[in-house]
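# Survey of secondary and tertiary structure
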2 protein chains.
Amino acid sequence: MLMTAKIESFVMHCGEMGSRWGFNRTVGQMYGLLIIHEQALSAMQISEALNISRGNVSMGIKELQSWRLVQVHHKPKDRKEYYSPAGTIWEMATRVFEERRKREVDPTLSLLRDNLLDEPANEQELFAQEKMHEIHDLLETITHWAGELQSMSPDKLNTLMKLGAGVSKVIDMKDKFIKKG
Amino acid sequence: MLMTAKIESFVMHCGEMGSRWGFNRTVGQMYGLLIIHEQALSAMQISEALNISRGNVSMGIKELQSWRLVQVHHKPKDRKEYYSPAGTIWEMATRVFEERRKREVDPTLSLLRDNLLDEPANEQELFAQEKMHEIHDLLETITHWAGELQSMSPDKLNTLMKLGAGVSKVIDMKDKFIKKG
DNA sequence: CTGAAGTTTCAGTATTTTCTGAAAGTTTAA
DNA sequence: TTAAACTTTCAGAAAATACTGAAACTTCAG
């Protein structure tokens, strides 16, 4: 048996949350299992642990690979492929964010930009464009700052957090600094 | 006709993205329509604009209300209810974040905490707990910093962004400051 | 009260998404 | 070159999700 009750509860929870994070239940479970399991696992082991078909595992791995979330290993004298999560927890979170941005935010930004190029044809379109402009700017701001956070090490963030430094404080400081300089 | 071609493209896009942001296609379309439309709309108008049943609109409004994203209006001499988006774009984004955190992150944090209370029963569970701990800390850090960003006005963020201020630079600065002081 | 004008609910249906398992494809040792 | 050991693909089945429309419910003016 690959999972104790506690581990199973975590894996199933990843399944339920999985769809929220951009993949489906099974892919979520697979990912949870790989994270929680010290050794890399073969497709067959995954299929047995989660009670899903071998084909489904293959598709799930492919999906996780498209998110750059798994690594493949080979053992000597063994033809099977073994899978494990790629990178640290922080790196994985970063990748999920990035991929989601590509899939969710980028197309929206591009649609908004296209729409904003045209002249509004009437009152109604003028209002619509104003709103689209607001959304566009907001999305740009959010992706910018998200990128900033991602570029920092989690250790650094944690340390600062524990020092009680809120972003706002830090930024106030910067504000003063800029005005002074 | 309620929508020009350009407006329709935006509304349909919201439908496609909708499911990514936590609701379904129709609810996404409804929300897009309300945002882009200057006047508040009645359920019947929404139903006609989007070609969906009256019942579906009712369910969609209920869903949007559970996210605190719509406002109801009444017009004198008119029994119908009219709907419009609640608050500014920034406030709406903030609400979506908050609600998603409640639905996605909070349950995970609580599961992780529960699991971390128990003593690991073996080597395998020890490893699992270490990973869960990492995830737990990461989620806490992320929610903390997300909250910080949300608490700031978008204007301020934009201004700073345009000044070319990266968080990391700011934080380095603060770091030195702390060491000096 | 009554009934007109509206909203909500929900059983059944339609649509979309996911999963299975068998067939096709790939790789490698001999 | 063969065949065993493995992986991938994909058509069809199953499951999950969303939608419709008619009935039930609510509200309010007269």
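Under the annotation held in an unreviewed UniProt entry, chain A carries the name HTH-type transcriptional regulator and is attributed to Pseudoalteromonas denitrificans DSM 6059. Per UniProt, chain A has the following entry under Sequence similarities (unreviewed entry): "Belongs to the GbsR family."

For chain A, the count of helices and strands is 8 helices and 3 strands. Per-residue burial for chain A yields a buried fraction of 47% across its 181 residues. Contacts in chain A between residues far apart in sequence, at least 24 positions, make up 52% of those at least 6 positions apart. Only carbon and sulfur atoms are counted for the fraction: they give 53% of the accessible area of chain A, which is about 9,500 Å².

For the rest of this paragraph, the subject is the protein's contact with DNA strand C. In the neighbourhood of DNA strand C, 17 residues make up the surrounding shell, with A:Thr26, A:Ser53, B:Arg54, B:Ser58 and B:Arg79 lying closest. Among the atoms of DNA strand C close to the protein, meaning within 4 Å, 63% are from sugar or phosphate groups. The contact in question runs from a phosphate oxygen of DNA strand C to an N or O atom on the side chain of B:Arg54, over 2.5 Å. Separating a phosphate oxygen of DNA strand C from a side-chain N or O atom of B:Lys62 is a distance of 3.2 Å. If you list the elements that add at least two residues to the surface near DNA strand C, you get helix 4 (54-66) of chain A together with helix 4 (54-66) of chain B. Sorting elements by how many residues they give to the surface near DNA strand C places helix 4 of chain B first, with 5 residues.

Strand pairing in a sheet is mediated by backbone hydrogen bonds. Such pairs are either parallel or antiparallel. Residues and elements named next belong to chain A. Overall, antiparallel pairing links the 3 strands, which are arranged 1-3-2 in an open sheet. One side of each edge strand has no neighbouring strand; the edge strands of this open sheet are strand 1 (41-42) and strand 2 (70-74). Contacts between helix 2 (residues 25-36) and the sheet are confined to strand 1, strand 2 and strand 3 (81-85), with strand 3 contributing the most and set at about 85° to the helix.

Each packed pair of helices is defined by two parameters, the angle between the axes and the distance between the axes. Residue and element names in this part refer to chain A. Relative orientation of the contacting elements helix 2 and helix 3 (residues 43-50) amounts to 110°, with a least axis distance of 11 Å. Taken as axis vectors, helix 2 and helix 3 run roughly perpendicular relative to one another. Seen from above, helix 2 lies across helix 3 with right-handed handedness. For the pair formed by helix 2 and helix 3, the contact residues are Gln29, Met30, Leu33 and Leu34 on the first element and Ile46, Ala49 and Leu50 on the second. Looking at the contact of helix 2 with helix 3, its residues break down into 6 nonpolar, 1 polar and no charged.

This brings us to empty space enclosed by the protein. Across all of its chains, the model carries 3 cavities of 30 Å³ or more by this definition. Each pocket or cavity is described by its volume, and for the largest cavity that value is around 490 Å³. Around the largest cavity, the lining is made up of 23 residues, and of these A:Ile135, A:Leu139, B:Trp21, B:Tyr31 and B:Ile35 lie nearest the centre. For the lining of the largest cavity, a count of residues per class yields 17 nonpolar, 5 polar and 1 charged. What the second largest cavity holds in volume is close to 40 Å³. Contributing to the lining of the second largest cavity are A:Asn115, A:Glu125, A:Ala128, A:Gln129, A:Met132, B:Lys6 and B:Ile7. Examining the composition of the lining of the second largest cavity, we find that 4 residues originate from one element, helix 6 (residues 123-150) of chain A, more than from any other. By residue class, the composition of the lining of the second largest cavity is 3 nonpolar, 2 polar and 2 charged.

The rules we used
Think of each chain on its own: its residues are numbered from 1, step by step along the sequence as written. Chain labels run from A onward and ligand labels from 1 onward, assigned in the order the entries are written. Since the coordinates come from a predicted model, pLDDT governs what is reported: local features require at least 70, and pairs of side-chain atoms require 80 or more to be given and counted, while whole-chain, interface and lining totals use all residues. Each side-chain value is derived from all of the structure's non-hydrogen atoms; neither hydrogens nor water enter the calculation. UniProt positions are given in the numbering used here, feature names are shortened, and annotations may be inferred rather than shown by experiment. Helix and strand definitions here come from DSSP, where helices need a minimum of 4 consecutive H or I residues and strands a minimum of 2 consecutive E residues; each element is numbered from the N-terminal end. A simple rule labels every residue: compare its accessible area, found with a 1.4 Å probe on the protein chains alone, to the largest value its type can have, and call it buried under 20%, exposed over 50%, or partly exposed in between. We call two residues in contact whenever any of their non-hydrogen atoms come within 4.5 Å of each other. Where accessible areas are quoted, they stem from the Shrake-Rupley method and a 1.4 Å probe; at the residue level, only the protein chains shown are allowed to cover. Whether a residue is near a molecule or strand is decided by its heavy atoms; if any one of them lies within 4 Å of it, the residue is near. Side-chain atoms alone can form a polar contact between residues adjacent in sequence; in general such a contact is a pair of N or O atoms within 3.5 Å, and within protein one must be able to donate a hydrogen while the other accepts it. By the convention used here, strands pair only if DSSP detects at least 2 bridges between them. Working convention: axes come from line fits to C-alpha atoms, limited for helices to the stretch in contact. Angles between N-to-C directions cover 0 to 180 degrees. When describing relative orientation, an angle under 35 degrees is termed roughly parallel and one over 145 degrees roughly antiparallel, while 65 to 115 degrees is termed roughly perpendicular and anything else oblique. Each crossing gets its handedness from the near helix: less than a right angle anticlockwise from the far helix is left-handed, clockwise is right-handed. For this classification, the nonpolar set comprises Ala, Val, Leu, Ile, Met, Phe, Trp, Tyr, Cys and Pro, the charged set comprises Asp, Glu, Lys and Arg, and every other residue, Gly included, is treated as polar. Note on definitions: the grid is 1 Å and covers protein atoms alone; a cavity is a set of points where a 1.4 Å probe fits but cannot get out; a pocket is an open set with protein on both sides within 12 Å along at least five of seven lines; lining residues have an atom within 4 Å of a point. Grid points are joined across faces, edges and corners, and a volume is the space filled by probe spheres set on the points.

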